[in-house]
Each structure stands twice: as structure tokens, then as C-alpha cells.
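# Understanding the architecture of this molecule
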Amino acid sequence: MTLTHFAIIAVCAYLLGSLSFAIIVSKVTLGKDIREYGSGNAGLTNSYRTMGAGKTLFVLLGDIAKGAAAVSIGAMLAGPVGKLVAGIFVILGHMFPLYFGFRGGKGVLVGAVMLLLFDWRIFLIAFVLFFVAVALTRWISLGSILGAISFPITTFIFYDDPVLIAMAFGMAVAVIFMHRSNIARILRGEENKFSFKSKKTIEQSDRNGEENGK
């Protein structure tokens, strides 16, 4: 991969990653910033908790599309290494979006898209770990952390390439770092458990606030 290819992939992936669809959907449909509600995170879980399933579907599709677009650009220009470079920068864009004050989500969904497009075997192992952890504990964060930890390990098993392993390790560290507050709550036994039951959404919170103000 040439320096020019690296620059093109990095810039394109970061700009695509900066399209935070949780923020976009909340602002377009509700006129609100999702980061002011729930956990304050512009990610899929907080979208579901604060906007409901319908609006979260658009967040899901948008984040999948940007991750797929970034990885496709990387693959076209530089093959497997390009995929991982794109993955790194699309996740960085998602975490620190240029368009939204560098405060975004934790990069789990776009990371999963990258894994799927990079190597379905690596994705499958990460997904199984995620699913089992969430099924047993209902902690989305724990599943995400275990999936991230598995990435450099499975990259070593399937590729044994120092460059790929180093990039996989970097992405895993970034995702785990973004979950540092979740890790602290898990250790205290205070982490929120995922539930399909509807919780108070942004609309309900605002409606209750208006009623209390009358």
C-alpha cells in the first residue's frame, strides 16, 4: 500500500465514520441531540433506549452503510490491509465525529461491519462471544468488549501477519477504551442490563417535562 493509498483510505473512512446516524436521526426526526439523553452516547444501544425501535432501524442501516462503504474503498485500493486501515479510521470517525464536536459512539456496530467484510470467520467468533455474553448477563458492553478482545487473537490465528495483528490490536484497544466507564460499572455490578421492553424515550421525556411545567 502506497502512502497515497493510505491517505485516501484514511480520509475517506474517517469522513464516512463521522456521519453519526444516531445524532442525525435524532435531530432530523425529533429536533433533539441524542447525546443529551439516556447514557449520552451516540450509539445503537442508546438509540434503542431513547428513540425506540423504528428510528433505531435507520441508525442501524446508516451505520452499516458507512462501515461497508469505508471498508469497500480500503479493499479496492489496498486489499486486506486497506480493509483494516479503513476499519481503524471509520471507527475513529464514529467515536470522534468531525461534524458533531468529536463526541460520538463507541464504534461497536461499524467495527462489526468491518469484521464481517474483512473475514467472516473472525466476525463469527466475535459475534458468538458477544451473543453468549449478552444472553448470560444482558450486558451489551461486556459482549462488545469480549468481541473486541477476540479480534487480534483470531487475526493472529488466521493470518499470523504482524501488520494485520498490530492494526487489529489497535482497534480492539480503541473499542475497549471507549467502554472504560462500562467496565467500571460492570466491576461494581451497576451496569445497565439490556431489555427489549420499552423505556422512556426522548419524546416521552419531553412530554412529561412539558406536563410537569404546566
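Heads up: the structure comes first, above all this text.
In this report, we go over the structure that sits alongside the text. (Residues numbered from 1 in each chain as written. Predicted model: local features only at pLDDT ≥ 70, side-chain atom pairs only at ≥ 80, totals over all residues. Heavy atoms only, no water.)

## Thoughts on the overall build of the protein
Assigned secondary structure in the protein consists of nine helices and zero strands. Along its sequence from the N terminus, the protein presents helices and strands in the succession α-α-α-α-α-α-α-α-α. Against the globule reference of 17 Å for 214 residues, the protein gives a C-alpha radius of gyration of 18 Å, in line with a compact fold. Seen through its C-alpha atoms, the protein measures out along the principal axes to roughly 65 × 35 × 25 Å. Per-residue burial for the protein yields a buried fraction of 44% across its 214 residues. Counting every atom, the protein has about 10,800 Å² of accessible surface; 69% of that belongs to carbon and sulfur. Of the side chains in the protein, 20 bear a positive and 12 a negative charge, and the two mean positions are spaced by 4 Å. (Helix = DSSP H or I, 4+ residues; strand = E, 2+ residues; numbered from the N terminus. Rg over C-alpha atoms; globule rule 2.2 N^0.38 Å. Buried < 20%, exposed > 50% of the residue type's maximum accessible area, 1.4 Å probe, protein only. Areas by Shrake-Rupley, 256 points an atom, 1.4 Å probe, with all protein chains shown as cover. Lys, Arg positive; Asp, Glu negative; His and termini not counted. Charge placed at Lys NZ, Arg CZ, Asp CG, Glu CD.)

## Looking at the packing of aromatic side chains
Counted under the stated rule, the structure contains seven aromatic pairs. Seen in terms of ring centroids, Tyr48 and Phe194 are 5.7 Å apart; in terms of plane orientation they differ by 40°. Their pairing is tilted. Of the two residues, Tyr48 sits in helix 3 (residues 44-95) while Phe194 sits in the loop between helix 8 (180-188) and helix 9 (202-213), which places them 146 residues apart along the sequence. You can call Tyr48 partly exposed: its relative accessible area is 22%. Centroid distance Phe118 to Phe151: 6.4 Å. Interplanar angle 80°. Geometry classified as edge-to-face. Of this pair, Phe118 sits in helix 4 (residues 108-118) while Phe151 sits in helix 6 (residues 140-158), placing them 33 residues apart in sequence. The class of Phe118 is buried, set by a relative accessible area of 6%. A residue is classified by how much of its surface remains accessible, and Phe151, at 4% relative accessible area, is buried. Members of the aromatic cluster, connected to one another through ring pairs, are Phe118, Phe151 and Tyr159. The ring of Phe158 has Arg121 sitting right over it, with the charged end atom 4.2 Å from the ring centre. A cation over a ring is seen here: Arg180 above Phe177, with NZ or CZ 4.0 Å from the ring centre. (Phe/Tyr/Trp six-rings, centres within 6.5 Å; stacked < 30°, edge-to-face > 60°. Lys NZ or Arg CZ within 6 Å of the ring centre and 35° of its normal.)

## Some thoughts on helix 7 (residues 162-178)
The terminal C-alpha atoms of helix 7 lie 24 Å apart, and with 17 residues this matches the ideal 24 Å at 1.5 Å per residue to within 8%. Here helix 7 has its buried residues at Leu164, Met167, Ala168, Met171, Ala172, Ala174, Val175 and Met178. The buried residues of helix 7 all sit within an arc of 160° when viewed along its axis, so they share a single face. Seen from the buried face of helix 7, the exposed residues on the opposite side, beyond 90 degrees, are Pro162 and Phe169. Those residues of helix 7 that are buried are in contact with helix 3, helix 4, helix 6 and helix 8. Residue Asp161 occupies the N-cap position of helix 7, its side-chain oxygen lying 2.9 Å from the main-chain nitrogen of Val163. (Expected span 1.5 Å × (residues − 1). Arc of directions from axis to C-beta. Contact = heavy atoms within 4.5 Å. Polar contact = N/O pair within 3.5 Å; in protein donor to acceptor, adjacent residues only side chain to side chain.)

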